[in-house]
Structure formats: structure tokens, C-alpha cells
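Fold and geometry: a report
Listed below are the residues making up each chain.
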Amino acid sequence: EKGGYEHYMRKEIHEQPESLRQTLAGRLDVSAGDVDLDVSFPPGFLADLEEIRIVACGTSYYAGRYAAQLFEELAGVRATVEIASEYEFGAGRTPDRTLVVAVTQSGETADTLGAVRRANAAGARTFAVTNTLGSTVTREVDGTAFIRAGPEIGVAATKTFASQVATLAMLAVAVGRDRGALAAADARSVLKDLQGLPGAVQQVLDEEEQVREAAREYGDGEAFFFVGRALGVPVALEGALKLKEISYDHAEGFAAGELKHGPLALVTPDTPVLAVLTDGARAAETMNNVTEAQTRGAPALGCVSAGDTYDTLDVSFEVPNVGVVEPLVANVYLQLFAYHVANDKGRAIDKPRNLAKSVTVE
Ligand code: F6R
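Residues numbered from 1 in each chain as written. Predicted model: local features only at pLDDT ≥ 70, side-chain atom pairs only at ≥ 80, totals over all residues. Heavy atoms only, no water.

What about helix α6 (residues 110–121)?
For α6, built from 12 residues, the straight-helix expectation of 16 Å at 1.5 Å per residue is met to within 8% by its first-to-last C-alpha distance of 16 Å. Across the 12 residues that make up α6, a large majority, 9, are buried. Along α6, the residues that are buried comprise Ala110, Asp111, Thr112, Leu113, Gly114, Ala115, Val116, Arg118 and Ala119. Buried residues belonging to α6 abut β3 (51–56), α5 (84–87), β5 (98–104), β6 (125–130) and α7 (136–140). Following α6 by one or two positions, Gly123 adopts a phi angle in the positive range, close to 90 degrees. (Helix = DSSP H or I, 4+ residues; strand = E, 2+ residues; numbered from the N terminus. Expected span 1.5 Å × (residues − 1). Buried < 20%, exposed > 50% of the residue type's maximum accessible area, 1.4 Å probe, protein only. Contact = heavy atoms within 4.5 Å.)

Looking at the site of the ligand
Taken together, 13 residues form the shell around the ligand, and within it Ser60, Thr104, Ser106, Thr109 and Glu245 come nearest. In the environment of the ligand, an oxygen atom lies 2.7 Å from a nitrogen or oxygen atom belonging to the backbone of Gln105. The contact in question runs from an oxygen atom of the ligand to an N or O atom on the side chain of Thr109, over 2.5 Å. When isolated, the ligand has an accessible area of 400 Å², and the protein chains bury 89% of it. Listing elements by their share of the shell around the ligand, those giving two or more residues are α4 (58–75) and α12 (232–247). When residues of the shell around the ligand are assigned to their parent elements, the largest contribution, 3 residues, is made by α4. (Near = heavy atom within 4 Å. Polar contact = N/O pair within 3.5 Å; in protein donor to acceptor, adjacent residues only side chain to side chain. Areas by Shrake-Rupley, 256 points an atom, 1.4 Å probe, with all protein chains shown as cover.)

Observations regarding the nonpolar core
Formed by 97 residues in total, the largest nonpolar core has its most connected members in Ile52, Phe71, Val101, Leu194, Leu197, Phe226 and Phe337. Apart from residues no more than four positions distant in its own chain, Phe226 is found in contact with Ala236, Gly239, Ala240, Leu243, Ala251, Glu252, Gly253, Phe254, Leu274 and Leu334. The next biggest cluster of nonpolar side chains, apart from the first, holds 20 residues, and it includes Phe225, Leu277, Met287 and Val290. (Core = buried A, V, L, I, M, F, W, Y, C linked by side-chain atoms within 4.5 Å.)

Some words on the packing of helix α10 (residues 197–205) against helix α14 (residues 326–344)
For the pair α10 and α14, interaxial distance at closest approach is 9 Å and the crossing angle is 30 degrees. If you check the angle between α10 and α14, you find them roughly parallel. The two elements α10 and α14 cross, and the hand of that crossing is right-handed. Packed against α10, whose contacting residues are Leu197, Ala200, Val201, Val204 and Leu205, the element α14 presents Leu328, Val329, Val332, Tyr333 and Leu336 at the interface. Class assignment of the residues belonging to the contact of α10 with α14 gives a composition of 10 nonpolar, no polar and no charged. (Axes fitted to C-alpha atoms, helices over the stretch in contact; angles between N-to-C directions. Parallel < 35°, antiparallel > 145°, perpendicular 65-115°, else oblique. Left-handed = near helix turned anticlockwise from the far one by under 90°. Nonpolar A, V, L, I, M, F, W, Y, C, P; charged D, E, K, R; others polar.)

A word on the pairing of strand β11 (residues 300–305)
Among the 6 residues that make up β11, 6 are buried, leaving the element largely enclosed by the rest of the structure. Here β11 shows no split at all, with Ala300, Gly302 and Val304 on one side and Leu301, Cys303 and Ser305 on the other all buried. In this fold, the crossover linking strand β10 (residues 273–277) to β11 by way of helix α13 (residues 283–295) has right-handed handedness. As paired elements, β11 and strand β12 (residues 315–319) share 5 bridges and run parallel to each other. Bridge pairing in β12 links Val304 to Glu318. (Right-handed = clockwise from strand over helix to strand, strands pointing away. Pairing = 2+ DSSP bridges.)

Describing the sheet that holds β6
Strand order in the open sheet made by the 5 strands is β4-β3-β5-β6-β7, with parallel pairing throughout. Since the sheet does not close on itself, it has two edges, and those belong to β4 (78–83) and β7 (143–146), each with one partner. Direction aside, the axes of adjacent strands within the sheet are offset by 20 degrees on average. Relative to β6, β5 runs parallel, the two being bridged by 6 bridges. Looking at β6, one finds that Thr104 is bridged to Thr130. Here α6 sits on the sheet and contacts β3, β5 and β6; the angle it forms with β5, its principal contact strand, is near 165 degrees. On top of the sheet, helix α8 (residues 159–178) reaches β5, β6 and β7; it is set at about 160 degrees to β5, its chief contact.

Some details on the packing of aromatic side chains
Within this structure, the stated rule accounts for 6 aromatic pairs. Residues Phe225 and Phe254 carry aromatic rings whose centres are separated by 6.0 Å and whose planes lie at 40 degrees to one another, so their mutual orientation is tilted. Here the residue Phe225 occupies a position in strand β8 (residues 224–228), and Phe254 occupies one in strand β9 (residues 251–255), the gap between them amounting to 29 residues. By relative accessible area, Phe225 is classed as buried at 1%. Judged by relative accessible area, Phe254 falls into the buried class, the value being 9%. Ring pairing ties together the aromatic residues Phe41, Phe45 and Phe127, which thus form one cluster. Across the ring face of Tyr87, the terminal group of Arg118 is positioned such that the distance to the ring centre comes to 4.4 Å. (Phe/Tyr/Trp six-rings, centres within 6.5 Å; stacked < 30°, edge-to-face > 60°. Lys NZ or Arg CZ within 6 Å of the ring centre and 35° of its normal.)

A word on the pattern of salt bridges
What the rule picks out here adds up to 16 salt bridges. Ionic pairing is found between Lys357 and Glu152, a salt bridge with its closest N-O pair at 2.7 Å. Residue Lys357 is found in the segment after α14, and its partner Glu152 is found in the loop between β7 and α8; the two are separated by 205 residues along the sequence. Residue Asp249 is joined to Lys345 by a salt bridge in which the shortest nitrogen-to-oxygen separation is 2.6 Å. Of the two residues, Asp249 is situated in the loop between α12 and β9 and Lys345 in the segment after α14; the sequence distance between them amounts to 96 residues. Here the salt bridges share partners, and the residues they tie into one network are Glu51, Arg53, Arg78 and Glu82. (Salt bridge = Lys/Arg side-chain N within 4 Å of Asp/Glu carboxyl O.)

Structure follows, in C-alpha cells:
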């Protein structure tokens, strides 16, 4: 049932062009510059909205971090992201005119359900973005958008991350249009980028051999640092999480500008740096930080927008031009890197030690 793949994780990475097509199917109206997610809010609710508060855990939290930037940029609404287990017991103010969005692949994560319950009790309007029809979260929120990624068996979330970000991007366009914060022409350009997403991901998958070689050459590093800016930050964090959970190597992700505020002390010739150097990720500034690491001898691997070149990189992975979803496409290189590093080490990729697919305890 792994369809010829040795692990579900690799199968699911390769399913992404198709799962993303399902996520987007029938939902984009490019000519009108609008989105049909089949969700409704009370009249005037979105226009008066003061804040979108995203709550989630792990990979879904990083999808939320990506989306929050899109909500701010496209929907003109303050968007914050909180780790569900922190929100649940936090002392945040009464969520008046707030939409609390729970992002959860399984719809069963105890911490995320706890956060939704706190939001409901405080009188907030709640919304879920999930992969799972009939899951607990869908019964406890005011509205749901399904990401339609299909079943994910590997413990490490891959295709569901991509579909979460794509769904949230559509939601950001829908909210922006409804609030009058996003011009039709600007919406159209984002929707075209989304339309290009499945094909762009396929182009990355076609480069798997390059990633396999890079994993072989750099996979025995002492630690791995993932950096990016703006939309590249959540991707750096996700890249590090993927590598640590399946390879058991020490990996850390952070905003590239933070390197010089501490982590640079850890950088040596044995700590490869992986950078998101695409549109939406302030590539030029990020490259300055990468150079600081290279000066300390670290090898540097970058995911670079097609058409750009950085001669000093040790490895350049080319990312097709798809605007605000380029960092999401870059993430596919990081998924493949994590997979091949872990596979070379003979790890239990689909069932990493100490982890479960669905975390139903707090
Ligand atoms: C990492 C991973 C976890 C989940 C987290 C939330 O690869 O899969 O970090 O993202 O446990 O799970 P859901 O999205 O089901 O709430």
C-alpha cells in the first residue's frame, strides 16, 4: 500500500502535487480574484474583525506562523499565533471581535482542543482548519475548512503542512476581499501563485537526486541550522523539526537575523546551514546572515528563487517563481533533505521513537 515507496513519508512527500490540487479544486476564481471556501460568517463579522488568533501545535503551528503573515498582508487584520498548550492556560484578554482559528491535521490534538474550549468559553468565534472529516474539533467550532490532503500515515506531517498553508492562504484572500482590504488585481496575483503551486512542487520533486546527494555529503553534520526571514521563518522552523524528528540529529530553526545574537557561537565547519532564499523571505538580507555563518566555516545550502544566483552557496536548490508560496515550495526541498539524511542513517522514518501521529494527551 506504499505504492512502491519504501516509506509512507516519501510517498506522501511525492503526493503533494496531487494533494495540493485537491486542496485547491473548485475553490479559486482567478478571474474574479476571489475564493470559494464554502464558509460563512455572520453579517459584518469580518468587517469588524480586530484580530485573528491562530492556535496549533508542532507543524500545524508553523503553518499558522506562515498564515499569520498572509492574514496581515492580504486581509489587513492583526494576526497572532499561539502554541495551543500555552493559549489554553494563558491569561489573554477577552477575545472580543476575535476569530480563533485552530489548525490541526488530525482534529484530535488534546492541546488544540483545549485551546478551542478556552476560546469558546471566553465567547470568541472559533474556526477549524483540519484534514479530518467528523473529527472532534469540527464539532466544537463555529465553522470549518477542510484541507483535503487525504490520509497521512507517516508520523511526520508533510503533505498536510502544504495543504494547511494553501487553505489558510485562500482564507486570507477570502477575508481580505470580504473586508475590502485586498484589491481584485492583488487577489488575482496571489491566486495565480496558488494555481502554480502543484506544478512548482512537482519541479522540486524532479530534483530529488540533487537533494539525495546533498544529504549524503552534509548529512553527518554535528548540528543543522535552518534560517529564513519573513515567510522563510516558519519554513526554517518546520525544516528543523522535520530533520530532528526523523533523523534524531540536533537541528534548530530561527529567524536569520537572530544568528548574530547568539546562535553564531555554535556555528562551525561541522554545522551546515540551510537557508530559505526565495521571494517572500527577504533573500538578500538572509544571504548576509548566511555569509556570516560561512565565514565561520559552515557549509551553506540555499533554496533560491529561479533566476537568482548566489555564487558562494555550496548547494543551490532552485525554487520555481510562485510569489508568496515560494517558501512553501522551498519546504519540499527541506522535507526531502530530512528524509534522505534519516534514510541514510537507517532511522524508523514512519514511526520515529517517542512520537505518535495523534497526540491525545495534554
Ligand atoms: C510533526 C507533527 C506534529 C503535529 C502536531 C499537531 O511532523 O506531525 O508536530 O503537527 O502534533 O498535530 P495536529 O495537526 O494533528 O493537531
